[in-house]
Amino acid sequence: MRKGLLLLAIAIFCVSIVVVLASAATTEEKKFSLEDIPEINDKTAINTIVETGATFDKIVPYVKKFTEKTGVKVNVERVASPVVYSKENLELVAGTGVYDVAYVSNGWSNEWYPYLYDMRELAEQYDPGGVAALESDMKWHSAVVLATENSKGFFHVPFYTYHMGMFIRQDVFDDPTEQADFKVKYGYDLKAATNYVELRDQAEFFTRKKGEMLKGKTLENDIFGVSMMAGAYQINDEFTSYLWGKNQDYVTVMRDDSGKVTEYVITKADQDALLQAMKEYVELLKFASPGCLTANFDFVVADQGQGRAIIQPTMFSNCFVWTNSILQESVVPNDPDAKLGIYPTIGNKPFTGAWGFAVTKAAKNPEAAYWFMRYIGSYECQEVVMKEGGQLTTRMDVLADPVWKNDENIYPFGILVDYLLSSWQDPQFLEFVQEVYYSNSSAEGKVYEMQMNVLAKGASGELTPEKCIKELIRQTVELTSKFDKDAPIRVEE
Amino acid sequence: MSNAKNNATAISTYGLGRKPSIWENLSNEKYFKWILIAPLLIVLLVFMFYPLIYCIYNSFLQGGVSGDSAFIAFENYKYMLRDRSFWIPFSRTAQVAVICIFFELLIGLGLAVLWNRDFKGMNLVRGLVLLPLLVAPLILSLVWNFLLEYNIGFINQIFVTIGIGRIKWWSLQMALYTICGITIWQWFPFSALVLLSGLKSLPKDVFEAARVDGATGWYTFKRLSFPMLSPLIIIIVLLRTMWLVRLFDPLYGTTRGGVGTELLDWMVYRTTFVYFDVGYGSTLAIMSLYLTIIISAILFRQLIKALNTDK
């Protein structure tokens, strides 16, 4: 009898263990999908805005699926990325309600939070699973969530990342002749640079004239060691990577014991690092095409794609999708061996972040906007963003998909996934990103735009590095004082 | 007829000692003309005067769209006069205006003189030369950015082929002149067209008389054609100055104000719609307007003078 009861108890225990494990496994596998969206009563159409580009084209069928399921039409406005901020800013601040769903780059939510819904507020109101359901799905969005959730709340769902990396011509770096020549000239091995001196040496080494040799073949054109986006478009993203790589920032964020920002200080160390980074940047430009002075990402990608540059020291890791996917097939026309490798930027603290979607407070249909945003951030859509759109998702579960490591996808997706995962699993980096000025100040949007203008002047020689940094500091103080009312800013004398 | 009827109505109503009705008042010529131009006035008030007044009002404020704004009277204007980053684009704009107008007139005049005679394929050539005017300036700036690219740009490829070598079009030393070049390329057909129409309308008998008297081609041009064209030249200078003070598009697709090319209008754009410092941006815009008004007024006086001399 006792034995029977004991066996029964063991059996029940085993069965319950199996049931628990099975349900846990089912829970883990269960991903948010279109089917999880409840009936939306308000059928008012929602409006959103995105950048131009092929990626969103691939999402369009899924937007239609959303409309079929919910009965809510989604109108999508497409604009060039440089005008996204100014266009949205005007509509948001004026409270026009033109956009139900705003397209947001990381730091902007610091500035726009008064005009955006906290996602948790919407989840409580509209999600049958409440905040827990939202957080359960969003947890997959990796480190970038750090930047989407700031001290003011949780405002946007990432769409794709622009985390930066260093792209080198792997075939050139692996070439025995090049390796031997480099070692003779500089006295150390040729490998992806980990500090500025190595990068400068490599930039100099690979800057060659037409008629000289590369990989044992005569060059038909001049080539440059590096390609850089020094124009007044994204120079600040590039510069930020150098600056952060020195473990410094534009401004140091000071907090009290409770973690509240009390003051912004441009410390002596920040000032020194800014000047040093500018001088190094200008020095590096000597080994870049003169076209770099007005270049944006398209130019730099094309420069390396055409085989005219060996290193992109700081480039967005989603660069394979741009310039007609020039980097995807073959890096250099008529050279099937030409391939790229991706490595950490100097100092391994690259500029990072993601474009994402946020629901505006002026939205005419916040309920539909919330579910649209959840759907765009879901596994299903994020897989499409990557597989079909060629952009890089921030969802770790999509990145962890073994499909990226198969023969078809290993180049470039496999190498990019490895890079992103290693970068985002570095706790020191994540902590650093949380503390930078971009992630904390509500003047970030203005300061960011200003930096493009001022840094480009320093890069082109219109201003000396000293004057450029002085101007950068002056304008940072002016804009932060004007647009960030949460904490004062000062320059350490 | 209608007036006579209206007057008769007025006399008869006054004669009867009653006030004219609202319809009688409206049909009176005194009011009727205002009714006719009212739609235009409303459009002008809403779309021209209101934005202008609003811009002037903003120029007395600190801050703008996002953030609190405060009335600071003439502080923005005072700041502007001290602001080095204003005077540099300001002088650059003047430099660009002078260079562009000079070369547009020179090329335009030369072309107009060449066109002022019949030749085979005349219409085709004129049509082709006018093409740059028909394309949106923003598109053109993007196209020129590719054409002038250092490595793969079409222009440099040609220069390499003919042995000149690559030119750094967007270097600090060259970029502003490249912007001028793009602008001149787009706008010289305008000068050519206006001056050609002027040449075509010149009285033939004066030129016949000069020819009979044995005047050379250059002498005829210097003493007859050019003075007679001067009112048109002033009109071109007037219009182009107004447009060049607001030059923006060639920068948008190329340098975006970098490499020493920031002009006044780009600064207005950057300050107002990038930094969203609407107060100071409005001040700059008003300054740009004052500048245009002053130059236009001077040129307008010259135009009137030239027209009177012509008479």
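Preceding this paragraph is the structure being described.
Residues numbered from 1 in each chain as written. Chains lettered and ligands numbered in written order. Predicted model: local features only at pLDDT ≥ 70, side-chain atom pairs only at ≥ 80, totals over all residues. Heavy atoms only, no water.

Draft legend 1. View of the sheet that holds strand β14 (residues 340-343) of chain A. All names here are of chain A. Pairing within the open sheet is mixed, and its 4 strands lie in the order β10-β13-β7-β14. Every interior strand has two partners, whereas the edge strands, β10 (224-226) and β14, have only one. Taken pair by pair, the neighbouring strands of this sheet meet at an average axis angle of 25°, ignoring direction. In terms of strand pairing, β10 meets strand β13 (residues 309-316) through 2 bridges, oriented parallel. Counterpart to valine 226 in the pairing with β13 is isoleucine 311. Of the strands in this sheet, β7 (164-169) and β14 are in contact with helix α17 (residues 410-424), which crosses β14 at around 10°. (Pairing = 2+ DSSP bridges. Helix = DSSP H or I, 4+ residues; strand = E, 2+ residues; numbered from the N terminus. Axes fitted to C-alpha atoms, helices over the stretch in contact; angles between N-to-C directions. Contact = heavy atoms within 4.5 Å.)

Draft legend 2. Highlighting the packing of helix α12 (residues 268-285) of chain A against helix α20 (residues 465-483) of chain A. Residues and elements named next belong to chain A. With their axes 9 Å apart at the nearest point, α12 and α20 run at an angle of 135° to one another. Here α20 runs oblique to α12, going by the angle between their axes. As α12 packs across α20, the resulting crossing turns out to be right-handed. Mapping the contact onto sequence places Gln271, Leu274, Leu275, Met278 and Lys279 in α12 and Pro465, Glu466, Cys468, Ile469, Leu472 and Ile473 in α20. Residue composition of the contact of α12 with α20, grouped by class: 8 nonpolar, 1 polar and 2 charged. (Parallel < 35°, antiparallel > 145°, perpendicular 65-115°, else oblique. Left-handed = near helix turned anticlockwise from the far one by under 90°. Nonpolar A, V, L, I, M, F, W, Y, C, P; charged D, E, K, R; others polar.)

Draft legend 3. Inspection of the packing of aromatic side chains at higher detail. Within this structure, the stated rule accounts for 66 aromatic pairs over all chains. Aromatic side chains Phe66(A) and Tyr375(A) sit 6.4 Å apart centroid to centroid with 20° between the ring planes, which places their arrangement in the stacked category. Of this pair, Phe66(A) sits in helix α2 (residues 54-70) while Tyr375(A) sits in helix α14 (residues 366-376), placing them 309 residues apart in sequence. Per residue, the accessibility class of Phe66(A) equals that of Tyr375(A), and both read buried. Here Trp244(A) and Phe432(A) contribute two aromatic rings whose centre-to-centre distance is 5.7 Å and whose plane-to-plane angle is 75°, an arrangement assigned as edge-to-face. In this pair, Trp244(A) sits in helix α11 (residues 235-245) while Phe432(A) sits in helix α18 (residues 427-435), placing the two residues 188 residues apart along the sequence. Exposure class is identical for Trp244(A) and Phe432(A). Each is buried. The ring of Tyr150(B) is capped by Arg166(B), whose NZ or CZ atom sits 6.0 Å from the centre of that ring. (Phe/Tyr/Trp six-rings, centres within 6.5 Å; stacked < 30°, edge-to-face > 60°. Buried < 20%, exposed > 50% of the residue type's maximum accessible area, 1.4 Å probe, protein only. Lys NZ or Arg CZ within 6 Å of the ring centre and 35° of its normal.)

Draft legend 4. Region of the structure containing α17(A). Residues and elements named next belong to chain A. The terminal C-alpha atoms of α17 lie 19 Å apart, and with 15 residues this matches the ideal 21 Å at 1.5 Å per residue to within 8%. When you tally the buried positions in α17, you get 11 out of 15 residues, the bulk of the element. All of the buried residues along α17 are Tyr411, Pro412, Phe413, Gly414, Leu416, Val417, Tyr419, Leu420, Leu421, Ser423 and Trp424. (Expected span 1.5 Å × (residues − 1).)

Draft legend 5. Structural view of a nonpolar patch on the surface. Residues and elements named next belong to chain B. A cluster of nonpolar side chains, contributed by Ile22, Trp23, Leu26, Tyr31, Phe32, Trp34, Ile35, Leu36, Ile37 and Leu41, occupies part of the molecular surface with about 1,000 Å² of accessible area. Looking at the nonpolar patch, the elements with two or more residues in it are α2 (22-27) and α3 (29-58). Broken down by element, the residue count for the nonpolar patch peaks at 7 residues, all from α3. Considering the arrangement of structural elements, one finds isoleucine 37 in helix α3. (Patch = residues over 30% accessible without salt bridge, like charges linked within 9 Å, V, L, I, M, F, W, Y side chains within 5 Å. Areas by Shrake-Rupley, 256 points an atom, 1.4 Å probe, with all protein chains shown as cover. Salt bridge = Lys/Arg side-chain N within 4 Å of Asp/Glu carboxyl O.)

Draft legend 6. Up close: the interface of chain B and chain A. With 30 residues of chain B at the interface, the matching set in chain A holds 35 residues. Together, the buried faces of chain B and chain A total about 2,900 Å²; carbon and sulfur atoms form 56% of this surface. For chain B, the biggest contributors to the area lost against chain A are Arg256(B), Tyr275(B) and Phe276(B); these three give 21% of the whole. Our enumeration of links across chain B and chain A arrives at 3 salt bridges. The shortest N-O distance in the salt bridge between Lys482(A) and Asp277(B) comes to 2.5 Å. The leading source of residues in the side of chain B that touches chain A is helix α13 (residues 264-274) of chain B, at 4 residues. A breakdown of the residues in the side of chain B that touches chain A according to their chemical character gives 13 nonpolar, 9 polar and 8 charged. (Buried area = accessible area lost by both parts, 1.4 Å probe.)

Any link to function would need more than the numbers given here.
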